[in-house]
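Survey of secondary and tertiary structure
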Amino acid sequence: MSENEILIHLHMPKTAGTTLKHIIKKNIPPSVNFDIYEDLQQRKKKLIALSKKHVTCIQGHFPFGVHQYFTNPCTYITMLREPTDRIISQYYFIRSRPKHTQYQKVSRMSLEEYQLQPENINQQTRFISGQVESPITLLDLEQAKENIEKYFSFVGITEMFNESLFLLQKRFSWNNITYTKQNVTKNRPPIDQLPVNILHLIKENNEFDLELYHYAKQLLIEQINNLDSVSKEGFHVFLEKN
């Protein structure tokens with residue numbers, strides 16, 4: 001990162017983003033590292049206030065576009081997860097947290113009902129494209145890919161978390177990347193124990209997220225393959241230790 005560049009961690013729900021958030025907090029001082037997890041109106045107020053301060057990092061559940069509040073150059077990072085597994089994890093996570101803002105609503109829903117909620121369909125494409133209000137279309141998927149190309153210096157993959165973390169450390173020269181898993185969903189059934197028809201429904205309803213996930217995963221694999229010989233040696237040592 002350049003000295004005045006702002007790192008924006010677009011924290012995608014249930015993608016190991018909380019674990020990543022804690023790693024970032026170990027490497028960027030709290031005085032310039034801000035969390036934004038408020039609703040839309042409060043988020044806008046906080047971003048306006050932050051635009052007048054010295055900011056190095058912003059982290060939170062918000063869609064692409066918050067860089068527009070700042071005059072300094074910004075770079076985004078995020079994590080993506082296989083969409084069916086992510087939705088299942090999110091559903092059971094909310095149901096296990098009585099203090100969660102959506103607990104009362106979700107606790108009365110079946111998994112099938114939950115995955116049909118408009119805001120839960122192609123949620124990763126929504127966040128990356130910045131389109132959060134209307135139904136997601138193929139144009140939004142292409143916009144998400146374009147945003148990754150233009151504005152994201154890194155997109156990691158949850159299922160390849162250690163591989164992603166190694167590349168993040170290399171990209172941002174972080175000193176401390178030790179971690180323990182945060183916000184793990186407990187008491188969720190294994191995916192192979194869930195009804196096949198429900199799994200098919202989730203997959204069908206999240207076809208754009210699935211394509212975006214594979215697109216980002218391929219980019220990650222290409223970055224790994226393009227490491228120089230010294231970095232590849234360090235990469236393999238890191239994976240063995242973790």
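Residues numbered from 1 in each chain as written. Predicted model: local features only at pLDDT ≥ 70, side-chain atom pairs only at ≥ 80, totals over all residues. Heavy atoms only, no water.

With respect to the pattern of salt bridges
The criterion, for reference: For this analysis, a salt bridge means a side-chain nitrogen from Lys or Arg found within 4 Å of a carboxyl oxygen belonging to Asp or Glu. By definition, any uninterrupted DSSP run of H or I lasting at least four residues is a helix, any uninterrupted run of E lasting at least two residues is a strand, and each is numbered from the N terminus. Under the scheme applied here, a residue whose accessible area is under 20% of the maximum for its type counts as buried, over 50% as exposed, and between as partly exposed, the area being computed with a 1.4 Å probe on protein chains only.
Inspection of every chain in the model, using the stated rule, returns eight salt bridges. For K25, the salt bridge identified is with D35, shortest N-O distance 3.2 Å. With K25 in helix α1 (residues 17-27) and D35 in strand β2 (residues 33-35), the pair connects residues that are 10 residues apart, well separated along the chain. For D85, the salt bridge is made with R81, and the minimal N-O distance between the two is 2.9 Å. Owing to a relative accessible area of 18%, D85 belongs among the buried residues under this scheme. In the salt-bridge network here, residues are joined through shared partners; they are R81, D85 and R188.

Notes on the environment of L220
Worth spelling out the cut-off: Whether two residues are in contact is decided by their heavy atoms, any of which lying within 4.5 Å being enough.
Position of L220 among the secondary structure elements: in helix α10 (residues 207-225). For the pair L220 and S164, spaced 56 residues apart in sequence, the C-alpha to C-alpha distance is 7.6 Å. Once residues lying within four places of it in the same chain are set aside, the contact partners of L220 are F154, V155, I157, M160, S164 and L167.

Some words on the sheet that holds strand β5 (residues 152-157)
For clarity, the cut-off: When DSSP locates at least two bridges between a pair of strands, those strands are taken to pair. Working convention: axes come from line fits to C-alpha atoms, limited for helices to the stretch in contact. Angles between N-to-C directions cover 0 to 180 degrees.
Judged by pairing direction, the sheet is parallel, and its five strands sit side by side in the order β2-β3-β1-β4-β5 without closing on themselves. The open sheet terminates on both sides in strands that have one partner only, identified here as β2 and β5. The mean inter-strand angle of the sheet, taken between neighbouring strand axes irrespective of direction, is 15°. Alignment of β2 against strand β3 (residues 57-60), held across three bridges, turns out to be parallel.

What about the environment of N33?
Turning to its location among the elements, N33 is positioned in strand β2. Between the C-alpha atom of N33 and that of R126, which follows or precedes it by 93 residues, the distance is 25 Å. When sequence neighbours within four positions are dropped, the list of residues in contact with N33 reads I24, K25, I28, C57 and Q59.

Quick word on the side chain of Q115
The residue Q115 is located in helix α5 (residues 111-115) in this model. Residues contacting Q115, with those up to four places away along its chain left out, are I87, I121, L201, I202 and N205.

Regarding unusual backbone geometry
A positive phi angle, close to 55°, is found at N122, a residue other than glycine. The phi dihedral of N183 is positive, around 55°, even though this residue is not glycine. For N183, the position within the fold is in the loop between α8 (161-172) and α9 (196-205). According to the relative accessible area criterion, N183 is partly exposed, its value standing at 34%.

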